[in-house]
Amino acid sequence: VQLVESGGGLVQPGGSLRLSCAASGFTFSNYAMSWYRQAPGKERELVATISGAGGSTYYGDSVKGRSTISRDNAKNTVYLQMNSLKPEDTAVYYCSAGPRYMKASVYWGQGTQVTVSS
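Residues numbered from 1 in each chain as written. Predicted model: local features only at pLDDT ≥ 70, side-chain atom pairs only at ≥ 80, totals over all residues. Heavy atoms only, no water.

Student: I'm lost on the pairing of strand β8 (residues 77-82) in this one. Help?
Tutor: Two faces belong to every sheet, and in a regular strand the side chains alternate between them. The buried fraction of β8 amounts to 5 of the 6 residues, a majority that puts the element mostly inside the structure. The pairing of strand β3 (residues 17-24) with β8 spans 6 bridges and is classified as antiparallel. Within β8, the position partnered with L17 by the bridge is M82. In sequence, strand β7 (residues 67-72) turns back onto β8 through a hairpin of 4 residues, with N76 there showing a positive phi of about 50 degrees. (Buried < 20%, exposed > 50% of the residue type's maximum accessible area, 1.4 Å probe, protein only. Helix = DSSP H or I, 4+ residues; strand = E, 2+ residues; numbered from the N terminus. Pairing = 2+ DSSP bridges.)

Written as structure tokens, this is what we have:
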């Protein structure tokens, strides 16, 4: 199983980023996919999650209204579009997969750094 995140980087406040996570080694469409983040000295935080078929989504309060999670089951890829980025969005963002929507993840990626700074 592999989850490989990409798309992180340095962005100015108010800017946008699109994170991608390419999955392999399991039946992607059978798994809910999530994005978590962890900033230095802080606990890991759920950013967003999407059901296997893509019909249900959930967003953490800190990103609600500014982010969109989506998936392409034909490409085994999940995305996180983040807009109106703030310095407090700075963190390592992790992609994860779980067999049930809104339940624990069982597979994790290595993470991609997002830094919001002027």
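Having put the structure on the table, let's press on.
Student: Would you take a moment to explain a nonpolar patch on the surface for this structure?
Tutor: Together, Y58, Y101 and M102 make up a nonpolar patch on the protein surface, roughly 260 Å² of accessible area in all. You can call Y58 partly exposed: its relative accessible area is 34%. (Patch = residues over 30% accessible without salt bridge, like charges linked within 9 Å, V, L, I, M, F, W, Y side chains within 5 Å. Areas by Shrake-Rupley, 256 points an atom, 1.4 Å probe, with all protein chains shown as cover. Salt bridge = Lys/Arg side-chain N within 4 Å of Asp/Glu carboxyl O.)

Student: Explanation requested: the pattern of salt bridges in the structure shown.
Tutor: Pairing is possible between side chains of opposite charge, provided their charged atoms come close. Taken as a whole and assessed by the stated rule, the structure comprises 4 salt bridges. When the shortest N-O distance is used, the salt bridge between R37 and E45 registers 2.8 Å. On the accessibility criterion, R37 (5% relative accessible area) is buried. For E45, a relative accessible area of 28% corresponds to the partly exposed category. Between K64 and D61 there is a salt bridge, with its nearest N and O atoms 3.1 Å apart. Salt bridges here are not isolated pairs; linked through shared partners, they connect R37, E45, R66 and D89.

Student: Is there a simple way to explain the pairing of strand β9 (residues 91-98) in this structure?
Tutor: Among the 8 residues in β9, 6 count as buried, and that is most of the element. The sheet contact formed by strand β4 (residues 32-38) and β9 spans 7 bridges and is antiparallel. Residue pairing for β9: R37 is matched across the bridge by Y93. In the sheet, β9 pairs with strand β11 (residues 112-116) via 3 bridges, with the strands oriented antiparallel. Along β11, the bridge assignment pairs V92 with Q113. Two strands pair when backbone bridges link them, and β9 and strand β10 (residues 107-108) are joined in this way by 2 bridges, in the antiparallel orientation. Each residue of the ladder has a partner; that of S96, found in β10, is W108.

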